[in-house]
Amino acid sequence: MYWVTPRHLAGDDDALAERIGDTLSGLGWRMWPTSRNTLLYVSPDGLRGAEWILAAYPFELGGLPVAWQLSARPHTASAMTEWNVYFTAGVPHEAIADLLLALDAREAPDAGFEDAETVLTVLSACGWLRDLDRPRTTATDPGFSASISLETLPPLVQDADPRDDLLGWQAWAEPVLGAPYLWCASFSASVPHDLVAVFAASLASPVPVARRTLPHGTQDRLTVVRRD
């Protein structure tokens, strides 16, 4: 067992389905398998959902298949989700779990009151650097291996707002410039900024995380704090 930093390069320990599934079960979300070989979790109030969709291979972000999709709807009778978040494998499970805890705790999952600045504020507090050309929309970790940026939504990212020029938060890790992405995440335009900020704060946290398996290509950029 290794305790490593930075978290954004630590990977998911090849256990993203199990770790997030345990978090959702602990929150009391119901789960059932679907005909598409996915695992669907729904919150007790029916307003929040999470689905392990890697087997269905719905689409890719940065050349990586999407593994988890989170969603929220304004009321249980709504057939359309208000917003969606997509994660590929490799995203540190701690960051997704913290986001789910915040989503579960809020009374209205489809609304928020903070503006985009709240995301960049929490990243700056963790030592991330604002982009010189885009200081109000983009921040990068001090090692220049991960970024979170307000960008035009990628194809197939679904949101209740039908306009095609929407901006949503995008996050990714690229251990070495020009190398394949380690992971990617996409938040649709209507995701409340304060929920994105929870994910960002966890991702940028300096607290070491436990890993049994280290991602290929990141060993030289990870600091092993201790071994158990």
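Calculation rules
- Residues numbered from 1 in each chain as written.
- Predicted model: local features only at pLDDT ≥ 70, side-chain atom pairs only at ≥ 80, totals over all residues.
- Heavy atoms only, no water.
- 1 Å grid on protein atoms, 1.4 Å probe; cavity = no way out; pocket = protein on both sides within 12 Å on 5 of 7 lines; lining within 4 Å.
- Points joined across faces, edges and corners; volume = space filled by probe spheres on them.
- Nonpolar A, V, L, I, M, F, W, Y, C, P; charged D, E, K, R; others polar.
- Helix = DSSP H or I, 4+ residues; strand = E, 2+ residues; numbered from the N terminus.
- Salt bridge = Lys/Arg side-chain N within 4 Å of Asp/Glu carboxyl O.
- Buried < 20%, exposed > 50% of the residue type's maximum accessible area, 1.4 Å probe, protein only.
- Pairing = 2+ DSSP bridges.
- Axes fitted to C-alpha atoms, helices over the stretch in contact; angles between N-to-C directions.

Draft legend 1. Here's a closer look at the layout of surface pockets. Empty space within the largest pocket amounts to approximately 210 Å³. As for the largest pocket, its lining consists of 14 residues, and the residues nearest its centre are L40, G49, S71, R73 and T81. Within the lining of the largest pocket, the residues separate by chemical class into four nonpolar, seven polar and three charged. Reported here for the second largest pocket is a volume of approximately 160 Å³. Every residue lining the second largest pocket is listed: L61, G62, E151, P154, Q170, A171, W172, Y181, C184, A185 and S186. Secondary-structure elements contributing two or more residues to the lining of the second largest pocket are β11 (167–173) and β12 (183–187). By residue class, the composition of the lining of the second largest pocket is seven nonpolar, three polar and one charged.

Draft legend 2. Region of the structure containing the pattern of salt bridges. Inspection of the entire model under this criterion finds seven salt bridges. Between R48 and D45 there is a salt bridge, with its nearest N and O atoms 2.2 Å apart. Take R48: its relative accessible area is 4%, and that puts it in the buried class. One salt bridge connects R211 with E94, and the closest N-O pair in it is separated by 2.8 Å.

Draft legend 3. Representation of the pairing of strand β7 (residues 83–88). Among the six residues of β7, six are classified as buried, and the element is accordingly described as predominantly covered. Neither face of β7 is open: one carries W83, V85 and F87, the other N84, Y86 and T88, and all of them are buried. Two elements, β7 and β12, share three bridges in a ladder whose sense is antiparallel. In the strand pairing of β12, Y86 is matched with S186.

Draft legend 4. Representation of the sheet that holds strand β13 (residues 209–211) in the model. As summarised here, the arrangement of the three strands in space is β13-β1-β14, forming an open sheet in which the pairing is antiparallel. The sheet is open, and its two edges are formed by β13 and β14 (223–227), each paired on a single side. The average angle at which neighbouring strand axes cross in this sheet is 40 degrees, direction not considered. Bridge analysis of strand β1 (residues 2–5) against β14 gives four bridges, and the strand direction is antiparallel.

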